[in-house]
Amino acid sequence: MKYLPIDSKLYEQNRQRFIKKMKPNSVAIFPANPTFPTAGDGTMTYKPNADVIWLSGITQEKTIVILYPDNPDKNAREVLVLIRPNELMEKWNGHLLRKHEATELSGIKNIQWLDGFDTLLQVMMNSADTVYLNTNEHNRLDTELPRTELAFVESVMKKYPIHHYERAARVMKELRSVKTKEEVEVLKEAINITAKAFDRVLKFIEPGVMEYEIEAEITHEFLKRRATGHAYGCILASGDRARTLHYVENNEECKDGELILMDFGAEYGNYNADLSRTVPVNGVFTKRQKEVYNACLAVHNHGKKILKPGLLFQDYVKSINEEMERQLLKIGLISKNDIKNQDPESPAFKKYFYHGVSHHLGLVVHDVGSYTDPINEGNLFTIEPGIYIEEEQMGIRIENNVWITKTGNVDLFKGIPITVEEIEAAMK
Ligand SMILES: [Mn+2]
């Protein structure tokens, strides 16, 4: 890992939060993600499990976190299971964690080796009544694909069929969506690195530059500042390509007079930033570009103004859409008549703004969290309205990340260029 050590207090606190939600005499088991193969004996870059990270900070493959707060064996109320280090594996893939190192990182004192896991589990299962197992419950999970996490769930339930089982994901969704100040401190570093990369590309962009050259600038800045890499496939879409929401090809030329939409974020310490900015390739907005940009910025600012605890997410979205409608009227993209005659299922503004305005952000870019419950203090959201105009071959999105406070929110990207004037000044 490239990031600097993170205080294990962050993870200790998270474990305590989960333990508080557990039923009496219950055990919770969180195995890491598998490593996925490519062709032949190749493997994809290992992506650790977000829950395992949230509970322990450990990103080594085959790790298992076990929480059993009522365990009669007081020394095994929190257990971390790791691969036993062996010389051959280390010759090929590098250092494996020793017990004292894992304790240092996670704060968990009892470290066991994976080859003893079955025996360890058997003793715990014979004494626990309820078992929390984990599955991916993200609403947008593609469930057509094989689900690797189900293999572990099925094996435990087959071996111990008459225990009472609970869904860890249900608890995790609620807890992980409320970010502690320790977590936000780490996420802020991902934000800082992203802001530095934005600053760098503002000075780099000019007519004739290729989108992938901008990508290279961003990647350079990320890695040199200890980011793990990009939080997601970065989008560098000049001109009409900006209307494609997930354009990641980044292989075309940025032309004079176009706007370029950039959506990118660094991953640092396993936390993600998610920034979008749209800037003129030649450094100066045209009158029309400025008009549309300011309409989008007004919706963005509206979001920042109203996001606070207690507000229902649906009401937030409704208010954003109303503001978007007002702004689109103002810049002549829709008319009062369009609104009067619109199909309520597909309102007029949707022609120009066709994605969600906000999502939870954290250890995962589209992080777990509710979109039906009232917004909570500690939630961390993106605010990212966009206006995409086919007739004018342009797309604009403006995205910052905000952390919900007691009375409103704090903008974690505060201070980086966002207005037309700030962007033009920074590009000079
Ligand atoms: Mn986003």
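The structure presented is a predicted model; accordingly, all values stated were derived computationally and were not measured. (Residues numbered from 1 in each chain as written. Predicted model: local features only at pLDDT ≥ 70, side-chain atom pairs only at ≥ 80, totals over all residues. Heavy atoms only, no water.)

Draft legend 1. Spatial organisation of the overall build of the protein chain. Summing up its helical and strand segments, the protein chain has 13 helices and 17 strands in all. Against the 2.2 N^0.38 benchmark of 22 Å for 428 residues, the protein chain shows a C-alpha radius of gyration of 24 Å, consistent with a compact globule. For the protein chain, the C-alpha atoms occupy an extent of roughly 70 × 50 × 40 Å along the three principal directions. Out of the 428 residues belonging to the protein chain, those deemed buried represent 51%. The long-range fraction of contacts in the protein chain, counting pairs at least 24 apart against all pairs at least 6 apart in sequence, stands at 69%. Carbon and sulfur atoms form 52% of the exposed surface of the protein chain, whose accessible area is close to 20,700 Å². Seen as two clouds, the 54 positive and the 62 negative side-chain charges of the protein chain have centres 5 Å apart. (Helix = DSSP H or I, 4+ residues; strand = E, 2+ residues; numbered from the N terminus. Rg over C-alpha atoms; globule rule 2.2 N^0.38 Å. Buried < 20%, exposed > 50% of the residue type's maximum accessible area, 1.4 Å probe, protein only. Contact = heavy atoms within 4.5 Å. Areas by Shrake-Rupley, 256 points an atom, 1.4 Å probe, with all protein chains shown as cover. Lys, Arg positive; Asp, Glu negative; His and termini not counted. Charge placed at Lys NZ, Arg CZ, Asp CG, Glu CD.)

Draft legend 2. Broad picture of the pattern of salt bridges. Considering all chains together, one arrives at 28 salt bridges under this definition. Of the charged contacts, one joins Glu211 and Arg241 as a salt bridge, the two residues approaching to 2.8 Å between their closest N and O atoms. Of this pair, Glu211 sits in helix α9 (residues 211–224) while Arg241 is found in the loop between β8 (235–238) and β9 (259–264), placing the two residues 30 residues apart along the sequence. What makes Glu211 buried here is its relative accessible area of 0%. Here the salt bridges do not stand alone but share partners, grouping Arg200, Glu217, Glu221, Lys224 and Arg225 into one network. (Salt bridge = Lys/Arg side-chain N within 4 Å of Asp/Glu carboxyl O.)

Draft legend 3. Expanded view of the coordination of the manganese ion. At the metal site, the manganese ion is ligated by Asp274 (OD), His359 (NE2), Glu384 (OE) and Glu399 (OE), and these contacts range over 2.1 to 2.4 Å. Sequence spacing among the residues donating to the manganese ion works out to D-x84-H-x24-E-x14-E. Taken together, the positions of Asp274 in the loop between β11 (271–272) and β12 (275–280) and Glu384 in the loop between β13 (380–383) and β14 (386–389) put the pair 110 residues apart, joining distant regions of the chain. In this structure, Asp274 and Glu384 share a single accessibility class: buried. (Donors = N, O, S within 2.8 Å, 3.2 Å for Na, K, Ca; no water.)

Draft legend 4. Representation of unusual backbone geometry. For Arg226, which is not glycine, the phi torsion reads 75° and is therefore positive. Relative to the helices and strands, Arg226 is located in the loop between α9 and β7 (229–230). Of the residues examined, Arg226 reaches a relative accessible area of 39% and is grouped as partly exposed. Residues other than glycine seldom take positive phi values, yet Asn250 does so here, at roughly 50°.

Draft legend 5. Region of the structure containing the pairing of β14. Where burial is concerned, the two faces of β14 agree: the one with Gly386 and Tyr388 and the one with Ile387 and Ile389 are both buried. Here β14 runs beside strand β15 (residues 394–397); their pairing, made up of 4 bridges, is antiparallel. Pairing of Ile389 across the sheet is with Met394, part of β15. Linking β14 back to β15 in an antiparallel pair, the connection comprises 4 residues, with Gln393 at a positive phi of about 45°. (Pairing = 2+ DSSP bridges.)

Draft legend 6. Region of interest: the domain arrangement of the protein chain. For the protein chain, the domain assignment lists domain 1 (9–176) and domain 2 (181–427). Listed as interface residues are 14 residues of domain 1 and, on the opposing side, 13 residues of domain 2. Together, Leu10, Lys173 and Arg176 form the three largest contributors to the area buried by domain 1 at its contact with domain 2, with a combined 41%. At the surface where domain 1 touches domain 2, the tally comes to 2 salt bridges. Here Arg176 and Asp367 are joined by a salt bridge, their closest N and O atoms 2.7 Å apart. There are 6 residue pairs in polar contact (both at pLDDT 80 or more) connecting domain 1 and domain 2. Of all elements in the fold, only α1 (9–20), α2 (50–56) and α7 (168–176) reach the threshold of two or more residues within the side of domain 1 that touches domain 2. For the side of domain 1 that touches domain 2, the element with the most residues is α1, which contributes 4 residues. Class assignment of the residues belonging to the side of domain 1 that touches domain 2 gives a composition of 5 nonpolar, 4 polar and 5 charged. (Domains from an automatic or database assignment. Buried area = accessible area lost by both parts, 1.4 Å probe. Polar contact = N/O pair within 3.5 Å; in protein donor to acceptor, adjacent residues only side chain to side chain. Nonpolar A, V, L, I, M, F, W, Y, C, P; charged D, E, K, R; others polar.)

Draft legend 7. Main features of the state of the cysteines. For the structure on display, the rule yields 0 disulfides. With no disulfide of its own, Cys254 has Cys234 as its nearest cysteine by sulfur position, at a separation of 12 Å. The exposure class of Cys254 is buried, given its relative accessible area of 0%. Here Cys296 is not disulfide-linked; the sulfur of Cys254 is the nearest cysteine sulfur, at 19 Å. Exposure remark for Cys296: the relative accessible area of 0% places this residue in the buried category. (Disulfide = S-S within 2.5 Å.)

Draft legend 8. Looking closely at the pairing of β12. Burial runs high along β12: 6 of the 6 residues are buried. Side chains Leu275, Arg277 and Val279 project from β12 onto one buried face, and the interleaved Ser276, Thr278 and Pro280 project onto a second face that is buried too.

Draft legend 9. Up close: the sheet that holds strand β10 (residues 266–268). Across the sheet, which stays open at both edges, the 3 strands sit in the order β7-β10-β11 with antiparallel pairing between neighbours. The open sheet is flanked by β7 and β11, the only strands paired with a single partner. Of the strand pairs in this sheet, β10 and β11 are connected by 2 bridges, and their pairing is antiparallel. Residue pairing in the sheet places Tyr268 in a bridge with Tyr271 of β11.

Draft legend 10. Here's a closer look at the packing of aromatic side chains. Following the criterion strictly, the structure yields 11 aromatic pairs and no others. Judged by centre distance (5.9 Å) and plane angle (75°), the rings of Phe18 and Tyr132 are edge-to-face. Residue Phe18 is found in helix α1, and its partner Tyr132 is found in strand β5 (residues 130–133); the two are separated by 114 residues along the sequence. A single burial state applies to Phe18 and to Tyr132, both of which are buried. (Phe/Tyr/Trp six-rings, centres within 6.5 Å; stacked < 30°, edge-to-face > 60°.)

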